[in-house]
Amino acid sequence: MFEALREFNTMSHDTTAAHATHEDHDDHGLGHIVSYGTLFGIGFALLLMTIVTVAVRYVDAGELNMPIALGIAGVKATLVALYFMHLRWDRPFNALVLVGSIAFVVLLMIFVLMDTAQYAPQVFEGNAPKVQEVLTVEAPGAPIADQSQLP
Amino acid sequence: MTSIQANPSDHADDQGHDDHGHGHDPNLAHHFESMEQQMDSGKLGMWLFLATEVLFFGGLFVAYAVLRARNPEVFSYASQYLDTIMGGINTCVLILSSLTMALAVRFAQQGRKGLLVLCLWLTMGGAVGFLVIKYFEYSHKIHDHLVWGGTFYEPVDESQKLLLETPEEALDTPLVTGPREANAAEARDIAMSQIVNRPEEAASSVKTAALGPAGLSAGPAAAEAAIEETESDGHSGAGHLADPEMPVGTHLFFGIYFCMTGLHGIHVVIGMGVIGWLIWRSQRGDFGPKYNTPVDLGGLYWHIVDLIWIFLFPLFYLIH
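Residues numbered from 1 in each chain as written. Chains lettered and ligands numbered in written order. Predicted model: local features only at pLDDT ≥ 70, side-chain atom pairs only at ≥ 80, totals over all residues.

Comments concerning the overall build of chain A
- A count of helical and extended segments in chain A gives five helices and zero strands.
- Its helices and strands in sequence order give chain A the pattern α-α-α-α-α, from N to C terminus.
- Classification of the 151 residues of chain A by burial places 21% in the buried group.
- Sequence separation of at least 24 residues holds for 35% of the intrachain contacts in chain A that already meet a minimum separation of 6. (Helix = DSSP H or I, 4+ residues; strand = E, 2+ residues; numbered from the N terminus. Buried ≥ 20, exposed ≤ 12 C-beta atoms within 10 Å, placed from the backbone. Contact = placed C-beta atoms within 7 Å.)

Some remarks on the nonpolar core
- Membership of the largest hydrophobic core comes to 72 residues, with the highest contact counts inside it found for Ala104, Phe253 and Leu312 of chain B.
- Elements that contribute at least two residues to this core include exactly helix H2 (36-57) and helix H3 (65-84) of chain A together with helix H1 (35-70), helix H2 (72-78), helix H3 (84-110), helix H4 (113-143), helix H9 (251-284) and helix H10 (293-317) of chain B.
- The greatest single-element share of this core, amounting to 16 residues, is contributed by H10 of chain B.
- Leu312 of chain B has contacts with Met260, Thr261 and His264 of chain B, leaving out every residue within four places of it along the chain.
- Counting residues in each nonpolar core, the second largest holds five residues, with Leu163, Leu164, Leu241 and Ala242 of chain B among its members. (Core = buried A, V, L, I, M, F, W, Y, C linked by C-beta atoms within 7 Å.)

Focus: the environment of His303 of chain B
- In this structure, His303 of chain B sits in helix H10.
- A tally of 24 C-beta atoms within 10 Å means that His303 of chain B is categorised as buried.
- Between the alpha carbons of His303 of chain B and Asp243 of chain B there is a distance of 40 Å; along the sequence they are 60 residues apart.
- Among all residues touching His303 of chain B, those that are not within four sequence positions of it are Val80, Phe84 and Met85 of chain A together with Ser98 and Met101 of chain B.

Some words on the confidence of the model for chain B
Residue and element names in this part refer to chain B.
- Here chain B averages 80 in pLDDT, and 71% of its residues register 70 or above.
- Scored below 50 in pLDDT, residues 178-184 makes nine contacts in the model with residues more than four places away or belonging to other chains.
- Here residues 195-219 scores under 50 on pLDDT; set against residues more than four positions off or in separate chains, the count is 15 contacts.
- Across the interfaces of the predicted complex, the ipTM metric reaches 0.73, alongside a pTM of 0.75. (pLDDT = per-residue confidence, 0-100.)

With respect to the packing of H3 of chain B against H4 of chain B
All names here are of chain B.
- It is the contact of H3 with H4, at a shortest axis distance of 8 Å, that shows an interaxial angle of 165°. Taken together, the axes of H3 and H4 lie roughly antiparallel to each other. With respect to the hand of their crossing, H3 and H4 are arranged in left-handed fashion. (Axes fitted to C-alpha atoms, helices over the stretch in contact; angles between N-to-C directions. Parallel < 35°, antiparallel > 145°, perpendicular 65-115°, else oblique. Left-handed = near helix turned anticlockwise from the far one by under 90°.)

Re the packing of helix H4 (residues 92-119) of chain A against H1 of chain B
- Running from N to C, H4 of chain A and H1 of chain B point in directions that differ by 20°, and their axes come no closer than 9 Å. Regarding the angle of H4 of chain A to H1 of chain B, the classification is roughly parallel. As for the relative orientation of H4 of chain A and H1 of chain B, their crossing is right-handed in sense.
- Across the contact of H4 of chain A with H1 of chain B, the residue classes break down as 22 nonpolar, five polar and two charged. (Nonpolar A, V, L, I, M, F, W, Y, C, P; charged D, E, K, R; others polar.)

This is the structure we're talking about:
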């Protein structure tokens, strides 16, 4: 069983020798080396997307603004993870760990938002009565809440 | 990870073609079969830690989602107090530092020590630059009391306190300046309602008015002085408390803002410590094609810090 695990754990070639062969030009060390072109290309793409995101913010697309901004952020994050963090060439389990953690955060978010929406009708807008007293006396600038919705 | 200190031999270099009498690379810990397996295990361990970091910030992102879903007008209003350009520059700084970090990993793999150390220093420079910009943002906000909790509702100084308590009619200029002049009537009403809610203070201000020109002019003049200091980003010196458009609960925005960006800033500081340690070890010559795992794993940490900021930036700075 441990043989199988060891096979799963190690990368493509070169599993047992302590000294790697020198035949693969740059790859004689530990694993794949990312090329200059890739690194600078991805870096440039990330900077470009940042500028685009900022520019889009000043354009009024209405409801779409947030999804667009988050969508571009998602693409940037994917590029960083795949290329800078080397997931493109790593064994897939590392990527699975990252994707899995994000999946659980999404799950958490879904359940919490569902819960919040469920209780929304029972919440009234504005400050709690005790807080209201304190605000009125000690904070001359605080906006006064509308308490007409108190049950 | 343990490094094996064996008898040094004459032609030993740091990159382990010399087996030091043990038959393997001195950087290979005994419980691993090969350098490659050691590296793979290290990487997996690091990814598992990064998963906890994602969950750590994930919880805060969920809190953000709930707050924003329940109070969209608060986020819409408060976003004007955040400088999009500064945030954008910070994002670019972090992206560039990620690039130099990836380059550092590459140079470590190639055994080019000078360039490795240079790129690590550049990454550190990016971290410092990020924190400097953050410092300016934070100090500006803290000065204006754009912070979490009760402090948000406290006047910044005496002149602002005076301004907020002075009825609108006593001032030559409206309570709020700039694009909100159209709301001057509304501002007056709100100012008056503030007075009505606190009869004892209203009585004392009437008393000082009755004292004569000296008593009357001291209040409004000092209050007007507060209006005079209009800040470059368009807010009046009267501050957010005098703004009639400020929705209830705006302090929540700054609470979640400081919590998330502050936690991220702490991670940047920790990252600086990690990079500093890597610089020290790299300078010492510890890393090369045979062994560069710490640089690789430190790079992974730094990229996650960048990743988190990539999401924080649109959520706080790009709200329309």
